[in-house]
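Chain and residue survey
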Amino acid sequence: MAQFYFKYGSMNSGKTIEILKVAHNYEEQGKNVVIMTSAIDTRAGVGVVASRIGMQREAIAIEDDTDVYALIEKMDPKPYCILIDEAQFLTKKHVYDFARVVDDLDVPVMAFGLKNDFRNELFEGSKYLLLLADKIDEIKTICQFCSKKATMVLRTVDGKPVYEGEQIQIGGNETYIPVCRKHYFRPEI
Ligand SMILES: [Zn+2]
């Protein structure tokens, strides 16, 4: 039986590298995988999954109004597995539709993304993935300022921490840093 996975991590925890690795492993065995990503994140271009170490490949871009269930149901041959990058940007409907992909189409879905935003609130996609996924895993990375596990994302603009504002801001002069709880509130910058 197919399962619904949510693998979350802070910034720079290697989520995209993990997706590219999983895809590569399946493809080596002749199994076709489908990679999808949010159309909201256009840093590498719409429909591109790119890791910070320079590896990238094309993906199906998910718009807010994309009917992901209909899209996957039509695929021939049926995918062996669906991999989703930037899953925090999914809508509640997308997450429920992916759950139906798992249950009704019997296709495993692995969603990768951030859990919390820089204000330390859950993203919509992450909230419903936490509620609906069969298996939840943390991809660990360490705090930029100490050796503790990074559980939060610190947003800085011009080197200063920012805790308020719109949830989604991509492509400005801000930086997102993986931090532990202590250094989220008291970053050493
Ligand atoms: Zn720390």
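Attention here is on the structure that accompanies the text. Nothing here was measured: the structure is a model prediction, and the numbers come from that model.

Close contact between helix H3 (residues 92-105) and helix H4 (residues 124-132) brings their axes to 8 Å; oriented N to C, the two are set at 30°. The orientation of H3 with respect to H4, classified from their angle, is roughly parallel. Note that H3 runs across H4; the crossing there is right-handed. Seen from H3, the contacting residues are Lys92, Val95, Tyr96 and Ala99; seen from H4, they are Glu124, Gly125, Tyr128, Leu129 and Leu132. Its residues assigned to classes, the contact of H3 with H4 shows six nonpolar, one polar and two charged.

Spatially, the three strands line up as an open sheet ordered E10-E9-E11, and their pairing is antiparallel. One side of each edge strand has no neighbouring strand; the edge strands of this open sheet are strand E10 (160-162) and strand E11 (174-179). Each strand axis lies, on average, 45° off the axis of its neighbour in the sheet, ignoring direction. Bridge analysis of strand E9 (residues 152-157) against E10 gives three bridges, and the strand direction is antiparallel. Bridge pairing in E10 links Val157 to Lys160.

With that out of the way, let us pick up the sheet that holds strand E8 (residues 135-139). With parallel pairing, the six strands of this open sheet are ordered in space as E5-E2-E6-E7-E1-E8. Strand pairing shows two members of the sheet lacking a second neighbour, strand E5 (60-62) and E8, which therefore form its edges. Taken over all neighbouring pairs, the strand axes of this sheet differ in orientation by 20° on average, direction set aside. Against the sheet, helix H1 (residues 15-28) engages strand E1 (4-9), strand E2 (33-38), strand E6 (81-85), strand E7 (109-113) and E8, with an angle of about 160° to E6. Contacting E1, E7 and E8, H4 runs over the sheet at an angle of about 130° to E1.

Conventions we followed
Residues numbered from 1 in each chain as written. Predicted model: local features only at pLDDT ≥ 70, side-chain atom pairs only at ≥ 80, totals over all residues. Heavy atoms only, no water. Axes fitted to C-alpha atoms, helices over the stretch in contact; angles between N-to-C directions. Helix = DSSP H or I, 4+ residues; strand = E, 2+ residues; numbered from the N terminus. Parallel < 35°, antiparallel > 145°, perpendicular 65-115°, else oblique. Left-handed = near helix turned anticlockwise from the far one by under 90°. Contact = heavy atoms within 4.5 Å. Nonpolar A, V, L, I, M, F, W, Y, C, P; charged D, E, K, R; others polar. Pairing = 2+ DSSP bridges.

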